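Chain residues, written in single-letter form:
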Amino acid sequence: MVKTRYFEASDGSIQPLPDNINQLFDTNFNEFERLEKEYIASYNQPEPEASPLETDFIDDEDIERSSFVDIARSGASREFIQGPAQKELYQVAPIYAEATQELQNLLELPDPSTEQKDRIEILVKQIEGEDKTPEEILQDVTRETRFTTREPSFNFIKDQVEQRQGLKKTVQQKVDTINKSQEFQDQIVYSDSFAELAEAENTSEAFNTFKSDPFNLIGQVTATSLAPMSKSLAAGVTTTAFLGPIAGAAATGITSGSIDAAHSFTEYMVKNGMNPSDPDSVARYMGDKKLVSEAEKYARTRGAIIGSFDALSFGFATKLMVPQKFVSNIFARQAMNSLVSQPIIQGSLGGGGEYFGQLATLEEGEQIRVGDVAMEVIEKVYYKQKDKEI
């Protein structure tokens, strides 16, 4: 079995080398080094600038909306790139702030002791890291794990690189990743009807907005939620295949609830003043134990409610919900189930989860965001039909 080796790309991400290069490590090391350098240089080569046609949607004020593909890419960037980087920043930013503050306090001492000087040296190394490029650090880690009996995991390699490059560089990488993803998301242009639906203040306003532009809204809402819904759908389908529909419904609920809880935690902290891309702001707010506890409670409450409704939704999606005594023909029952019963059930459960999730976490002066509930109805009507098809 070929042992996988990794390199750090110019964007700070850890990437595996192809097997055809890895297999040369033990048999022809000189060739391995040559091909490794060529591959890394090729990987880090900047992408060609997009043609005007590809970027018109960013600058053209008359454009109605971005394409569904770009909207889906934006959602994927938020879910799979920005989200993990944000979670990691929550963990490392407070450590960086504490280490920096401790170092500053020690450096201000007029006559530090030997023990304090040793501590200063440790903190400087922890903050600044090794005086090497990320690529050199990665090569060191790869070389040192060459003869281990068990192949190191991706997370192990990543943790080792971040530990050696220091807190300062690691924090900056997280911030750069978050900002780059946010910049891409900010380029997306949604239709006026999408904005009107999101800001709807009552059911009648939401329904009239939907009725005015149904297909466009369905496309935008489903594209926006494609990434998070694909995670919960994959969890449900995979678990159902191995453990049955009850376990599948539970897996869907747990996954969906955890996704919503992660977003809700950031939402609560931002609402209370935190800048999620500023390490100092993150460290300060994450250091407020009372606020963090409130944010976790808020996230758990929403996650539990929405996850429960989504679990029920997944369970019902595979059921034939039209009684035989009302419609005897099996084909007519299937058609009525797909076109009438399931959309009503799925839409009601999706909207119900968001409604009760908001209701349980409303603060004084806040009102139910009807637009968010309406979007959940649209989203679940579409995606749970996919559950049934799968």
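Residues numbered from 1 in each chain as written. Predicted model: local features only at pLDDT ≥ 70, side-chain atom pairs only at ≥ 80, totals over all residues. Heavy atoms only, no water.

As for the overall build of the chain
Stage number 1. Looking only at helices and strands, the chain features 17 helices and 2 strands.
Stage number 2. Looking at the chain as a whole, 41% of its 390 residues qualify as buried.
Stage number 3. Within the chain, counting contacts between residues at least 6 apart in sequence, those at least 24 apart form 68% of the total.
Stage number 4. Accessible surface computed for the chain: about 22,400 Å², of which carbon and sulfur atoms make up 55%. (Helix = DSSP H or I, 4+ residues; strand = E, 2+ residues; numbered from the N terminus. Buried < 20%, exposed > 50% of the residue type's maximum accessible area, 1.4 Å probe, protein only. Contact = heavy atoms within 4.5 Å. Areas by Shrake-Rupley, 256 points an atom, 1.4 Å probe, with all protein chains shown as cover.)

Details of the packing of helix H4 (residues 68–107) against helix H11 (residues 214–224)
Stage number 1. The interhelical angle for the contact between H4 and H11, taken along N-to-C directions, is 30°, at an axis separation of 7 Å. Here H4 is positioned roughly parallel relative to H11, judged by the angle of their axes. Crossing angle aside, the handedness with which H4 passes H11 is right-handed. Contact residues: H4 offers Phe-68, Ile-71, Ala-72 and Gly-75, while H11 offers Asn-216, Gly-219, Gln-220, Ala-223 and Thr-224.
Stage number 2. Here the contact of H4 with H11 is built from residues that sort into 4 nonpolar, 5 polar and no charged. (Axes fitted to C-alpha atoms, helices over the stretch in contact; angles between N-to-C directions. Parallel < 35°, antiparallel > 145°, perpendicular 65-115°, else oblique. Left-handed = near helix turned anticlockwise from the far one by under 90°. Nonpolar A, V, L, I, M, F, W, Y, C, P; charged D, E, K, R; others polar.)

A word on the nonpolar core
Stage number 1. By size, the foremost hydrophobic cluster in this structure holds 30 residues, and its most contacted members are Leu-89, Phe-265, Met-269, Val-282 and Met-286.
Stage number 2. Those elements that place two or more of their residues in this core are H4, helix H5 (114–128), helix H8 (167–186), helix H13 (245–271), helix H14 (279–286) and helix H15 (289–317).
Stage number 3. Excluding anything up to four places from it in sequence, Met-286 contacts Tyr-90, Pro-94, Phe-265, Met-269 and Val-292.
Stage number 4. Of all hydrophobic cores here, the second largest spans 16 residues; its members include Phe-32, Ile-40, Ile-137 and Val-141. (Core = buried A, V, L, I, M, F, W, Y, C linked by side-chain atoms within 4.5 Å.)

Things to note about the packing of aromatic side chains
Stage number 1. What the rule picks out here adds up to 5 aromatic pairs.
Stage number 2. Relative to Tyr-298, the ring of Tyr-268 has its centre 5.1 Å away and its plane inclined at 40°; by these criteria the two rings are tilted. Of the two residues, Tyr-268 sits in helix H13 while Tyr-298 sits in helix H15, which places them 30 residues apart along the sequence. This pair shows no difference in class: Tyr-268 is buried, exactly as Tyr-298 is.
Stage number 3. Ring centres of Tyr-355 and Phe-356 lie 5.2 Å apart, and the angle between their planes is 85°; this geometry places the pair in the edge-to-face category. (Phe/Tyr/Trp six-rings, centres within 6.5 Å; stacked < 30°, edge-to-face > 60°.)

Comments concerning a negative patch on the surface
Stage number 1. Negative charge collects at one region of the surface, where Asp-192, Glu-196, Glu-199, Glu-201 and Glu-205 lie side by side.
Stage number 2. Within the secondary structure, Glu-199 is located in the loop between helix H9 (192–198) and helix H10 (203–212). (Patch = residues over 30% accessible without salt bridge, like charges linked within 9 Å, V, L, I, M, F, W, Y side chains within 5 Å. Salt bridge = Lys/Arg side-chain N within 4 Å of Asp/Glu carboxyl O. Lys, Arg positive; Asp, Glu negative; His and termini not counted. Charge placed at Lys NZ, Arg CZ, Asp CG, Glu CD.)

Some points on the pattern of salt bridges
Stage number 1. Scanning the entire structure with this criterion turns up 18 salt bridges.
Stage number 2. Across the pair Glu-102 and Arg-119 runs a salt bridge, and its minimum N-O distance is 2.8 Å. Taken together, the residues Glu-102 in helix H4 and Arg-119 in helix H5 connect sequence positions 17 residues apart.
Stage number 3. On the accessibility criterion, Glu-102 (30% relative accessible area) is partly exposed.
Stage number 4. You can call Arg-119 partly exposed: its relative accessible area is 32%.
Stage number 5. Note that Lys-174 and Glu-162 form a salt bridge whose closest N and O atoms lie 2.6 Å from each other. Of this pair, Lys-174 sits in helix H8 while Glu-162 sits in helix H7 (residues 154–165), and the two are 12 residues apart along the sequence.
Stage number 6. For Lys-174, a relative accessible area of 7% corresponds to the buried category.
Stage number 7. Under the relative-accessibility criterion, Glu-162 is labelled buried at 17%.
Stage number 8. One network of salt bridges, in which partners are shared, links Glu-88, Lys-158, Glu-162 and Lys-174.

Looking at a nonpolar patch on the surface
Stage number 1. Residues Tyr-355, Phe-356, Leu-359 and Leu-362 make up a contiguous nonpolar surface patch of roughly 330 Å² in combined accessible area.
Stage number 2. Residue placement: Tyr-355 occurs in helix H16 (residues 330–361).
Stage number 3. Owing to a relative accessible area of 34%, Tyr-355 belongs among the partly exposed residues under this scheme.

What to know about the packing of H4 against H8
Stage number 1. The N-to-C vectors of H4 and H8 enclose an angle of 155°; their axes lie 8 Å apart at closest approach. Taken together, H4 and H8 sit at an angle that is classed as roughly antiparallel. Seen along the crossing, H4 lies across H8 with a hand that is left-handed.
Stage number 2. Along the lines of polarity and charge, the residues of the contact of H4 with H8 split into 13 nonpolar, 9 polar and 6 charged.

Quick notes on H14
Stage number 1. Among the 8 residues that make up H14, 6 are buried, leaving the element largely enclosed by the rest of the structure.
Stage number 2. Turning to H14, its buried residues are Pro-279, Ser-281, Val-282, Ala-283, Tyr-285 and Met-286.
Stage number 3. Lining the buried residues of H14 we find H4, H8, H13 and H15.
Stage number 4. One side-chain oxygen of the residue at the start of H14 lies 3.1 Å from the amide nitrogen of Asp-280, identifying that residue as Asp-278. (Polar contact = N/O pair within 3.5 Å; in protein donor to acceptor, adjacent residues only side chain to side chain.)

Purely geometric numbers; function is a separate question.
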